[in-house]
Amino acid sequence: MENIFDIAILGGGPAGYVAAERAGAKGLSVVIFDKRALGGVCLNEGCIPTKTLLNSAKVLEYAHEAEKYGITVGEVGIDFSKIMKRKDKVVRKLVSGIGAKMKHAKAEVVMAEAVIKEKRGSEITIEAEGKTYKAANLLICTGSEAAIPPIPGLDKSQILTNREILQLKELPKSLVIIGGGVIGTEFADFFNAMGTKITVIEMLPEILTGIDDDIAKFVRAEFTKRGIDFHLGAKVTKLNGKEVTFEKDGKEEKITGEQVLLSVGRKANVAGIGLENIGVEFTPRGVKIDKNCRTNIPNVYAAGDITGFSLLAHTASREGEVAVNHILGRKDQMRYDAIPGVVYTHPEIAGVGLTEASAKEKGIEVEIRKLPMAYAGRFVAENEGKDGFCKVIAGKKYGEILGVHMVGGACSEMIWGACALVEMQLRVKDVQEIVFPHPTVSEIIKETIFEF
Ligand code: NAI
């Protein structure tokens with residue numbers, strides 16, 4: 001009899017491979033397809049390579065600032081090729097780690113482009129390299145790719161996206177970044193640290209839309225001090241090779257970079273995977289899912305960037321888990337209120353829950369408290385001459401923690417605690433009774449909450 005997998009997974013990124021792991025651990029038979037590499041965009045051309053590069057930038061910063069801490073170092077320099085090679089090594093190691101996890105989950109891994117062919121009854125057929133695979137459930141997690149807007153003159157061979165920039169062999173002298181979102185800002189930070197002249201062109205009045213307004217302003221001010229140029233409220237209207245034309249205050253300006261990075265958002269990978277063959281409803285923005293991560297077809301699920309919704313690796317993984325739990329008949333559902341957002345710049349940014357602006361937009365009455373990071377002794381001990389702050393947003397009536405937003409230090413490592421406060425709907429007075437370790441930077445959260 002033909003083998004029917006319990007679950008077929010299209011895409012081996014953080015949604016797909018985590019779902020495969022969880023499903024395998026619960027005894028489900030899994031086949032997982034990927035046309036590029038296990039780990040998806042996050043591991044191969046996103047989260048992991050960029051954080052590896054940003055860590056080199058951090059080490060460089062320590063070396064430059066060693067004197068401030070009473071340490072004398074010799075001449076400080078960079079070896080760009082070595083930095084890039086280390087990044088490749090880290091990626092290779094983690095990709096092979098996912099291979100091992102798939103083995104452990106007893107998942108069949110098919111490294112080929114897969115297309116959904118048909119659905120007979122509830123049985124779904126997938127084809128890859130001329131071979132067919134049948135499954136009782138399908139999880140679609142084919143991710144997203146860099147959006148290429150119809151800017152006149154844009155020649156893809158002349159510009160870089162997050163993919164090509166990670167393959168640069170030489171450090172550019174100058175880099176023009178179109179789009180001051182998360183990708184643009186993280187690359188601005190890294191290449192600025194390496195000595196590249198950076199210009200960021202952002203259409204909106206501020207960089208990092210969606211991040212707390214004060215934090216975005218703070219980071220931009222820090223970056224400006226380091227010599228990064230920003231053109232805000234500036235829309236790119238034309239490209240000619242590496243010459244970028246933009247409009248600002250009704251005037252046209254031009255700037256040419258040795259390299260140009262386009263980071264103006266992502267596009268869901270909905271085309272060419274056969275969604276229409278089984279009637280999965282989708283728009284160019286993505287596949288719509290319910291709280292169980294189901295599409296309009298009961299045994300077809302979708303998770304990650306393909307949903308066009310949250311575009312974060314950790315959301316993707318959680319959506320994958322929710323889908324698997326639903327297949328297993330376990331009670332679980334997706335909640336998006338406590339999903340952390342982190343930007344791994346120096347200083348780091350981390351936030352969860354409502355921002356001041358989103359509370360206002362939703363008409364929720366809140367109280368806000370804000371404290372400088374310097375209220376945490378550990379921050380002062382470890383961050384000579386540095387700054388940052390923590391902002392907590394609580395409901396006016398009940399004092400429930402609705403949002404925590406931080407900038408400075410390694411706040412990416414502290415935000416999960418704040419996620420728990422928001423997720424568990426703890427109140428100011430509940431958190432005041434929790435003992436935080438001393439001395440840690442995380443005490444800033446408690447200190448800020450004591451301001452209520
Ligand atoms: P984004 O949506 O964060 O930012 C794109 C920016 O480009 C926006 O600010 C937009 O106003 C601007 N823009 C659009 N068209 C423009 C034009 N013609 N001229 C000038 N500016 C223009 O998108 P980004 O940075 O490409 O990131 C994509 C996704 O990847 C994000 O949704 C993010 O969540 C995810 N990501 C997450 C990271 C993290 O968690 N640390 C790191 C990198 C990416």
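About the cut-offs
- Residues numbered from 1 in each chain as written.
- Predicted model: local features only at pLDDT ≥ 70, side-chain atom pairs only at ≥ 80, totals over all residues.
- Heavy atoms only, no water.
- Helix = DSSP H or I, 4+ residues; strand = E, 2+ residues; numbered from the N terminus.
- Rg over C-alpha atoms; globule rule 2.2 N^0.38 Å.
- Contact = heavy atoms within 4.5 Å.
- Areas by Shrake-Rupley, 256 points an atom, 1.4 Å probe, with all protein chains shown as cover.
- Domains from an automatic or database assignment.
- Buried area = accessible area lost by both parts, 1.4 Å probe.
- Near = heavy atom within 4 Å.
- Polar contact = N/O pair within 3.5 Å; in protein donor to acceptor, adjacent residues only side chain to side chain.
- Nonpolar A, V, L, I, M, F, W, Y, C, P; charged D, E, K, R; others polar.
- Core = buried A, V, L, I, M, F, W, Y, C linked by side-chain atoms within 4.5 Å.
- Buried < 20%, exposed > 50% of the residue type's maximum accessible area, 1.4 Å probe, protein only.

### Focus on the overall build of the protein
Right, so step 1: Helix and strand counts for the protein come out as 13 helices and 23 strands.
Right, so step 2: In terms of overall size, the protein behaves like a compact globule, its C-alpha atoms giving a radius of gyration of 23 Å where 452 residues would be expected to give roughly 22 Å.
Right, so step 3: With the principal axes as the frame, the protein shows a C-alpha extent of 70 × 60 × 50 Å.
Right, so step 4: Long-range contacts, defined here as pairs at least 24 residues apart, represent 63% of the contacts in the protein between residues at least 6 apart.
Right, so step 5: Accessible surface, the protein as shown: approximately 21800 Å² in total, 52% of it carbon and sulfur.

### Some remarks on the domain arrangement of the protein
Right, so step 1: Split into domains, the protein comes out as domain 1 (4–145 + 267–328), domain 2 (162–263) and domain 3 (341–449).
Right, so step 2: Measuring from the centre of the C-alpha atoms in domain 2 to the corresponding centre in domain 3 gives 28 Å.
Right, so step 3: Across the boundary between the two partners, domain 2 contributes 16 residues, which contact 18 residues of domain 3.
Right, so step 4: Regarding the contact of domain 2 and domain 3, the summed buried area is about 1300 Å², with carbon and sulfur atoms giving 69% of it.
Right, so step 5: Broken down residue by residue, the surface that domain 2 buries against domain 3 is led by Asp212, Ile215 and Phe218, which jointly contribute 39%.

### Focus: the site of the ligand
Right, so step 1: Ile183, Glu186, Glu202, Gly265 and Val342 are the nearest of the 21 residues found near the ligand.
Right, so step 2: The backbone of Ile183 places a nitrogen or oxygen atom 3.0 Å from an oxygen atom of the ligand.
Right, so step 3: Expressed as a share of its isolated accessible area of 850 Å², the protein-covered part of the ligand is 80%.
Right, so step 4: Contributions of two or more residues to the shell around the ligand are made by helix H6 (182–194) and strand E11 (234–240).
Right, so step 5: Looking at which element gives the most residues to the shell around the ligand, the answer is H6, with three residues.
Right, so step 6: Class assignment for the residues of the shell around the ligand results in 13 nonpolar, five polar and three charged.

### A look at the side chain of Lys87
Right, so step 1: Turning to its location among the elements, Lys87 is positioned in helix H4 (residues 80–104).
Right, so step 2: Looking at Lys87, its side chain comes within polar contact range of the main-chain oxygen of Leu166, at 2.5 Å.
Right, so step 3: Discounting residues that sit within four places of it in the chain, Lys87 has contacts with Pro49, Thr52, Leu53, Leu166 and Gln167.

### Looking at the nonpolar core
Right, so step 1: Counting 36 residues, the largest nonpolar core has Ile165, Phe190, Phe191, Ile198 and Ile349 as its most contacted members.
Right, so step 2: Of all elements in the fold, only helix H3 (47–65), H4, strand E8 (174–178), H6, strand E9 (197–201) and helix H7 (213–225) reach the threshold of two or more residues within this core.
Right, so step 3: Residue contacts for Ile198: discarding those within four places in its chain leaves Leu175, Ile177, Ala188, Phe191, Asn192, Gly227, Ile228 and Asp229.
Right, so step 4: Counting residues in each nonpolar core, the second largest holds 29 residues, with Tyr17, Ala19, Ala20 and Cys141 among its members.

### Considerations on the environment of Glu382
Right, so step 1: Here Glu382 shows up in helix H10 (residues 377–382).
Right, so step 2: Residue classification places Glu382 among the partly exposed residues on the basis of a relative accessible area of 40%.
Right, so step 3: Residues Glu382 and Ile7, spaced 375 residues apart in sequence, show a C-alpha to C-alpha distance of 48 Å.
Right, so step 4: Reaching out from Glu382, the side chain makes a polar contact with the side chain of Arg378 at a distance of 2.6 Å.

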